[in-house]
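# Observations on the model geometry
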Amino acid sequence: MWTKEAAATAEARESGIRNKSSSSSQIPVVGVVTEDNEAQGVFKPMDLNRVIKLLEETDKDGLEEKQLKFVKKLVQCFQNGLPLRDLAQIFKILNLCAGKIKNQPRFVESAYDIIKLCGLPFLKKKVSDEITYAEDTANSIALLGDLMKIPSSELRIQICKCIVDFYHAEPPKKHIPGYQQASSSYKIQMAEVGGLAKTMVQSITLLEHQLVEKLWVLKVLQHLSTSEVNCTIMMKAQAASGICTHLNDPDPSGQLLFRSSEILWNLLEKSSKEEVIQQLSNLECLLALKEVFTNLFMRGFSHYDRQLRNDILVITTIIAQNPEAPMIECGFTKDLILFATFNEVKSQNLLVKGLKLSNSYEDFELKKLLFNVIVILCKDLPTVQLLIDGKVILALFTYVKKPEKQKIMDWSAAQHEELQLHAIATLSSVAPLLIEEYMSCQGNARVLAFLEWCESEDPFFSHGNSFHGTGGRGNKFAQMRYSLRLLRAMVYLEDETVNTDLCEKGTIQQMIGIFKNIISKPNEKEEAIVLEIQSDILLILSGLCENHIQRKEIFGTEGVDIVLHVMKTDPRKLQSGLGYNLLLFSTLDSIWCCILGCYPSEDYFLEKEGIFLLLDVLALNQKKFCNLILGIMVEFCDNPKTAAHVNAWQGKKDQTAASLLIKLWRKEEKELGVKRDKNGKIIDFENLPGLSAEDFVTLCIIHRYLDFKIGEIWNEIYEEIKLEKLRPVTIDKKALEAITTASENVGKMVASLQSEIIESQARQDVQNEQKVYAKIQATHKQRELANKSWENFLARTSNAKTLKKAKRLQEKAIEASRYHKRPQNAVFHGTDIKGLNTTVPSGGVVTVESTPARLVGGPLADTDIALKKLPIRGGALRRVKAVEIVDAPKKSIPTMLQFQFDLQRSDEETLGVIEIQHIYENAKVHFITDL
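Keep in mind it's a predicted model, so treat the numbers as computed, not measured.

Our next topic: the overall build of the protein. The secondary structure content of the protein amounts to 43 helices and 5 strands. Within the protein, the proportion of its 931 residues that are buried is 41%. Split by element, the accessible area of the protein, about 54500 Å² in all, is 54% carbon and sulfur.

What follows is the structure, encoded as structure tokens:
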């Protein structure tokens, strides 16, 4: 409990004043905790500078014992936490102790004890201490990483424990009066600022054979890598490659692999992904990953091992996205293909002999990840041969079939459905690269048979609970969607073998049938999926029928009907975002590829008012469709029946096709920036901005380029005739001479125009030069006038005769400018200032002829006016009963104040005039009231 005397003494000590006595007036409202009282409570008195000075001393008897004693005393002093203000000195002491370890091993224990203190909370005396001592704290924490170079296992482990404690902050063991614990994240932030992560990464190279210490460092890096700042620092320190190359180091505990994979994950997520991939894309890292994955795939049976195996595979998949990664060279690609297909295609390879995947969640995820890595690997063309050797197409096609009854399946129904969809999606990427394998596996037949099942009424409960199964719950839309994607990918290869095989198997009729079936059973719930299916069907039909009349005839009227059905879609749906725009594009493409060129189909399209529908879409004025529709219209115009349909079309407000096309033309001109006058005439074909005279000379040639080119051709013809010594007939000779003359005239005209442009530019240059000279001359004239005016002013101020002469001239000019005929009964106000001895405009001067004292009365005559404290002689105004007016005009108010002031005045003088006017108005009001 603080006494009044102690509190007063503490207050005096804090302000630097030594008080010999205290009084009640010196007692603070809040008790102040002094350092002495802190020492008595928790901290013991400790002169840190003295300890530093002692540790810096050398070559004295008994010095080591004394130094160790003082360090031990320091540890006891700060056993409840380290104040931020003392942190820099404490870490300097720690650094000094660390420097003595090599020659004096007893200092290891001292350094160990001080490092142990760093795991305690940091304490702040003021709220601002965290900011004030931020730099010292960051440098101090960074020192911990540098101390990892000391070859002491005990010390290194303690450093790691201390850093891990940063992320598991605990409250101080004992409350320290006057101090608060620094925020829980303060140490973590200072570790980021100090770059601790870099030195911890570098310390891994020092611990190649110290497993326990290495595991502790990895634990520290695992915590540090939760921060984006630290991940960036670690990435720049080559942490990814350094950690990856040691994945296979001996470790009975299994912690090394777990912590290393966690750090790699964090680096990929929280720093530059491209930089990390580049670091891992080397032979050494990939061999390490390959060995780890193979061991876990073959020998990992626990839940933990399977999770770790999948994590390594995901990291490998990310690295495989880099085409420069030596995946094939290290043999990893071949092994991954083997692991992806060994269940479906039997292999005698020892790596998979006797292996079997369960239907556990981890193995199911592994299977999907292997399908995914195949898609990534196939983007590298050298992988193609490995895909052929691994029979990937055959393995994937084992899923492209309807579910078989009474068969024991390795996967659950939901898992099998998801793998089926994933396999078909994988085929869409792989099959176009392996056409021969696709055809040898009867790929077209398999896909068409699967589509037939998708369209059938066979009962099937689809789960639709995966990415690929979106929109397919309780139906077969997902299976149909991915099968059509596969067919579309194969058709757009434009391989005649594939397309011919499809047409021979009745693909065109089957696609039209599927489309009609979908139309007859509208499904608004999965509308987006249905639209995508319809678009793919039309694109497949376009790919099959393009440039083949016979296939267009197979497309026939049934195909035209489905096209017309789409064309009749409500235009408002184009803005829905569900996919109607894509469907319309596919439809227009199918008109071009499946109808145009086949006259029966064209005629049927015209009969069903197809041209009207095309013009209706064109009238929507959507640029993305205009080019395609106009191209179709041009092709249709080869059919003589088309013109009548075009002329018969009427849009909104009786718009005709010709009017629509002209409107589109004007819109296109507007977008191109072509300007027209009010009558529609082009006003700038050649009015191009930023052209010089030389540019216009060149533009003349460009404008007549075709004429020159034609003349050049005829000139060559004429020269060839002369060389071959031929004589043209009279008519041809005259025509040739006329053409030659015309070409020469064009050249002369262009030359004349170029001369005019050059002369005009020369004249313009002369005019511009004259304007510049005139401007310079005017500037000099103004300067001369200004100098002359200044000289006149000086003459008036320095010579009395000159001043009097100027004054007389000024008065004469004023008098000459006055109006001499005055109206009758007019009041004249003089503007001359008497006694003025200057001829320059003066400041604002006001002459006030004050109201007589007999009218204004005493100071209490009018209190309202008096309170305003206006500068008027005689006090405030007072009311009078009667006033005698002498020689006043009839029906006029006598002039009480006459103002004489100059026209130019300052702001303060203007305010003065306003005050006087205010007084005048008040006086006038009182005067009229009394009257």
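Compared with an ideal rise of 1.5 Å per residue, which puts 14 residues at 20 Å, helix α34 (residues 623–636) spans 20 Å between its outermost C-alpha atoms and is within 8% of the ideal. Regarding α34, the residues found buried are F625, C626, I629, G631, I632, M633 and F636. Buried residues belonging to α34 abut α31 (580–595), α32 (599–607), α33 (610–618), α35 (642–648) and α36 (657–672).

With that settled, the discussion passes to a positive patch on the surface. On the surface, R50, K66, K69 and K73 cluster together to form a positively charged patch. The element that contributes the greatest number of residues to the positive patch is helix α4 (residues 63–77), accounting for 3 residues. Turning to its location among the elements, R50 is positioned in helix α3 (residues 48–56).

This paragraph deals with helix α8 (residues 134–146). If you check α8, its first and last C-alpha atoms are 19 Å apart, about what 13 residues at 1.5 Å a residue would give, namely 18 Å. Three or more residues of α8 are buried, namely T137, A138, S140, I141, A142, L143, L144 and G145. Of the surrounding elements, those touching the buried residues of α8 are α5 (87–100), α6 (107–118), β2 (122–124), α9 (153–165), α10 (186–194) and α11 (196–202).

It is worth spelling out a nonpolar patch on the surface at this point. Together, I710, I713, W714 and I717 give the surface a local cluster of nonpolar side chains, amounting to about 330 Å² of exposed area. Within the secondary structure, I713 is located in helix α38 (residues 705–723). A residue is classified by how much of its surface remains accessible, and I713, at 44% relative accessible area, is partly exposed.

Attention now moves to the nonpolar core. Residues M200, L221, I591 and L614 are the most contacted members of the largest nonpolar core, which totals 212 residues. Ranked by residue count, the leading element in this core is helix α29 (residues 527–545), at 10 residues. Not counting chain neighbours up to four residues away, the residues in contact with I591 comprise V563, M567, L596, F605, L614, I632 and F636. In terms of nonpolar packing, the next biggest core, distinct from the first, is built from 6 residues, A693, V697, V746 and V750 among them.

Below, the discussion takes up the side chain of S203. As for its position among the elements, S203 is in the loop between α11 and α12 (211–224). Since its relative accessible area comes to 3%, S203 is described here as buried. Separated by 2.5 Å, the side chain of S203 and the backbone oxygen of M200 make a polar contact. Each residue touching S203, except ones within four places of it in the same chain, is listed here: M148 and V217.

Each aromatic ring pair is described using two quantities: the centre-to-centre distance and the angle formed by the ring planes. Considering all chains together, one arrives at 13 aromatic pairs under this definition. Grouping aromatic residues by their ring pairs yields a cluster made of F293, F297, F332, F339 and F342. A cation over an aromatic ring shows up here: K125 above the ring of Y179, its NZ or CZ 5.2 Å from the ring centre.

Enumeration over the complete set of coordinates arrives at 25 salt bridges. Across the salt bridge formed by D603 and K641, the nearest N and O atoms sit 3.5 Å from each other. Taken together, the residues D603 in helix α32 and K641 in the loop between α34 and α35 connect sequence positions 38 residues apart. By relative accessible area, D603 is classed as partly exposed at 21%. Measuring nitrogen to oxygen at the nearest pair gives 4.0 Å for the salt bridge that ties E811 to K807. On the criterion of helical spacing, the pair formed by E811 and K807 is a turn pair, its members being 4 residues apart in helix α40 (residues 800–817). Judged by its relative accessible area of 44%, E811 is partly exposed. Residue K807 is classed as partly exposed on the basis of its relative accessible area, which comes to 24%. The structure contains a network of salt bridges with shared partners spanning E64, E65 and R106.

What follows is about the packing of helix α25 (residues 443–455) against helix α26 (residues 477–491). The contact between α25 and α26 brings their axes to 10 Å, and the two run at 155°. The orientation of α25 relative to α26 falls into the category roughly antiparallel. In this structure, the crossing between α25 and α26 has a hand that is left-handed. Two secondary-structure elements touch here, α25 through N444, V447, L448, F450, L451, W453, C454 and E455 and α26 through Q479, M480, S483, L484, L486 and L487. A class-by-class count of the residues in the contact of α25 with α26 yields 10 nonpolar, 3 polar and 1 charged.

Structurally, the position occupied by A619 is in the loop between α33 and α34. Note: C-alpha distance between A619 and K663 (44 residues apart in sequence) is 9.8 Å. Those residues within four positions of A619 in sequence are excluded, and the remaining contacts are W649 and L660.

Residues of the protein with pLDDT of at least 70 account for 81%, and the chain-wide mean is 82. Contacts from residues 1–41, a stretch scored under 50 in pLDDT, to residues over four places away or in other chains number 38 contacts.

Before going further, it helps to spend a moment on the side chain of K187. Examined against the element boundaries, K187 turns out to sit in helix α10. Among buried charged residues, K187 stands out as having no salt bridge; its nearest opposite-charge side chain is D165, 7.4 Å away. Other than its neighbours up to four places away in sequence, K187 contacts C118, G119, L120, P121, F122, I141 and F166.

Taken in spatial order, the 3 strands line up as β1-β2-β3 in an open sheet, and their pairing is mixed. Where the open sheet ends on each side, the last strands, each with one partner, are β1 (82–83) and β3 (180–181). Summarising the sheet, β2 and β3 pair through 2 bridges and their orientation is antiparallel. Its bridge partner lying in β3, K124 is registered against Q180.

What follows deals with the environment of T802. Mapped onto the elements, T802 comes out in helix α40. For the pair T802 and N792, spaced 10 residues apart in sequence, the C-alpha to C-alpha distance is 8.9 Å. The residues touching T802, leaving out its near neighbours within four places in the chain, are A795 and R796.

It is worth spelling out unusual backbone geometry at this point. Within the chain, K653 stands out as a residue other than glycine whose phi angle is a positive 60°. Tracing the sequence through the fold places K653 in the loop between α35 and α36. When its relative accessible area of 84% is taken as the criterion, K653 is described as exposed. For K725, which is not glycine, the phi torsion reads 55° and is therefore positive. Residue position: K725 is located in the loop between α38 and α39 (730–798).

Further remarks concern the environment of I435. Among the secondary structure elements, I435 is positioned in helix α24 (residues 435–440). Owing to a relative accessible area of 23%, I435 belongs among the partly exposed residues under this scheme. In sequence terms I435 and V498 are 63 residues apart; their C-alpha atoms lie 8.1 Å from each other. When residues no more than four places from it in sequence are discounted, the contact partners of I435 are L493, D495 and V498.

What counts and what doesn't
- Residues numbered from 1 in each chain as written.
- Predicted model: local features only at pLDDT ≥ 70, side-chain atom pairs only at ≥ 80, totals over all residues.
- Heavy atoms only, no water.
- Helix = DSSP H or I, 4+ residues; strand = E, 2+ residues; numbered from the N terminus.
- Buried < 20%, exposed > 50% of the residue type's maximum accessible area, 1.4 Å probe, protein only.
- Areas by Shrake-Rupley, 256 points an atom, 1.4 Å probe, with all protein chains shown as cover.
- Expected span 1.5 Å × (residues − 1).
- Contact = heavy atoms within 4.5 Å.
- Patch = residues over 30% accessible without salt bridge, like charges linked within 9 Å, V, L, I, M, F, W, Y side chains within 5 Å.
- Salt bridge = Lys/Arg side-chain N within 4 Å of Asp/Glu carboxyl O.
- Lys, Arg positive; Asp, Glu negative; His and termini not counted.
- Charge placed at Lys NZ, Arg CZ, Asp CG, Glu CD.
- Core = buried A, V, L, I, M, F, W, Y, C linked by side-chain atoms within 4.5 Å.
- Polar contact = N/O pair within 3.5 Å; in protein donor to acceptor, adjacent residues only side chain to side chain.
- Phe/Tyr/Trp six-rings, centres within 6.5 Å; stacked < 30°, edge-to-face > 60°.
- Lys NZ or Arg CZ within 6 Å of the ring centre and 35° of its normal.
- Axes fitted to C-alpha atoms, helices over the stretch in contact; angles between N-to-C directions.
- Parallel < 35°, antiparallel > 145°, perpendicular 65-115°, else oblique.
- Left-handed = near helix turned anticlockwise from the far one by under 90°.
- Nonpolar A, V, L, I, M, F, W, Y, C, P; charged D, E, K, R; others polar.
- pLDDT = per-residue confidence, 0-100.
- Pairing = 2+ DSSP bridges.

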